[in-house]
Amino acid sequence: MKERRILFLDYVRVVACFLVMLVHASENFYGADASGLAGNMSMLANEANRFWVAFYDGGVARTAVPLFFMVSSYLLVPMKPDQTMTSFYKHRFMRILPPFFIFLLLYSLLPLLWGGMTLDQSLMDLNILPFNFPSMAGHLWFMYPLISLYIIIPVVSPWLEKSSARDEQIFLGFFAFTTFIPWLHRFVSPELWGECFWNHFSAFWYCSGYLGYLVLAHYIRVHLKWSRRRRLGVGALFFLIGAAFTAWSFWWKGVPGQLIETPMLEWSWEFCTPNVLCASFGLFLLFTCIQTFNSKPLTLNSKPLTHNFKFFTHHSSLFTSLSPLSYGMYLMHMFFLAPIATFIIDEALLPVWSAIPVIALLTFVCSAITTKLLSYLPGSRYIVGA
């Protein structure tokens, strides 16, 4: 029997995939690197770039990575009762690793065809592949913590299967506290609670990082029994507060016309900071309010709202069809985003407020079409995961 899809997770995947592209589209408007993306140094050309990058990249899209982690956790934790560690690893890694390896190679070789990289750079990228992502594929950093979470899931799954709401609240309290550590590192001391040049694992190391989002997703699914109305209210409040602070933090540090170290400009944009945690929790709560409309049409005074029913059914079908493509879209999107952004910016076709979402949308459409076409190939799940 085919398992029923969890509709709101399809929405999360698709929206988070678009938000990733929105982030990378925004980088073209503050990166000082020749590639257009944000490298070690940044510079804002004007006040419009300062505001709209803060708005789109910080306020709107900064939740993309936590959302992806929470989707995986929501589906995979705890493990099925009859599932062993070996079977879990085999199933998960056979799904993500072959496409990942293929795109590591593609980003190291394919730009040679259009002069996007030199032969020396390509050879350097190939040499680094066993240890890290290549120079043209910075977005693939995400795969390494995802692999780490997959490795740890069989370890924490037995605890989560038996843990009470109170137990998970205690852990989440420690996790929430650790999200202040990036700020403490920057503004108080680079070494905290046992950190030094011979020890990078501080007192709160094992409660920090993306494991917190894994436990948070499980807590929401199993223990959070709020009504839909309360989820909407609390979710909107948390998202707006977190997003507003994230956007403001960039705007505050960005001074048009001045070079600034990117980590300083993005001082509150790390994914495990209090503001991003706040916004991610709120947005995920909002997504959980999406309901399936495939049982019967909505009614008003005993009359079916056929138009509304068709609207929700149509859009649910769209998101459900795009969701399986999201992995391949994420892997390949930088091949499309870079030339699209270069064309729009060099030709000065649009003001920045519209250029950023248009670049992201065109990249999204190109990636979706390409991934869909590749999905018809034999063995496509080893290429694009679909």
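Right, let's walk through the structure included here. Treat the numbers as computed from the prediction; the structure is a model and nothing was measured.

1. A word on the pattern of salt bridges
Counted by the stated rule, this structure contains three salt bridges. The salt bridge partner of Arg-13 is Asp-10, with a shortest N-O separation of 3.2 Å. Linking Arg-13 with Asp-10, this pair stays in helix H1 (residues 7-27), spanning three residues, or about one helical turn. Side by side, Arg-13 and Asp-10 carry an identical accessibility label, which is buried. Residue Asp-57 pairs with Arg-62 through a salt bridge whose shortest N-O separation is 2.3 Å. Considered together, Asp-57 and Arg-62 belong to a single accessibility category, that of buried residues.

2. Focus: unusual backbone geometry
Backbone torsion omega between Val-77 and Pro-78 reads -5°, so that peptide bond is classified as cis. As for its position among the elements, Pro-78 is in the loop between helix H3 (64-76) and helix H4 (85-109). The phi torsion at Trp-193 lies on the positive side, around 50°, for a residue other than glycine. As for its placement among the helices and strands, Trp-193 is situated in the loop between helix H8 (181-187) and helix H9 (211-222). One non-glycine residue with positive phi stands out, namely Ala-348, at about 50°. In this fold, Ala-348 is placed in the loop between helix H14 (326-346) and helix H15 (352-374). Overall, Ala-348 belongs to the exposed group, its relative accessible area being 63%.

Parameters at a glance
- Every residue gets a number counted from 1 within its own chain, in the order that chain's sequence is written.
- Where local features are concerned, this predicted model is filtered to residues with pLDDT of at least 70; where side-chain atom pairs are given and counted, the filter is 80 or more; whole-chain, interface and lining totals use all residues.
- Note that water and hydrogens are dropped before the side-chain values are worked out from all heavy atoms of the structure.
- Here, a salt bridge means any Lys or Arg side-chain nitrogen found within 4 Å of an Asp or Glu carboxyl oxygen.
- Starting at the N terminus, helices and strands are each numbered in turn, a helix being any DSSP run of H or I of at least four residues and a strand any DSSP run of E of at least two.
- Each residue is placed in one exposure class: buried if its accessible area under a 1.4 Å probe, protein chains only, is under 20% of its type's maximum, exposed if it is over 50%, and partly exposed if it falls in between.

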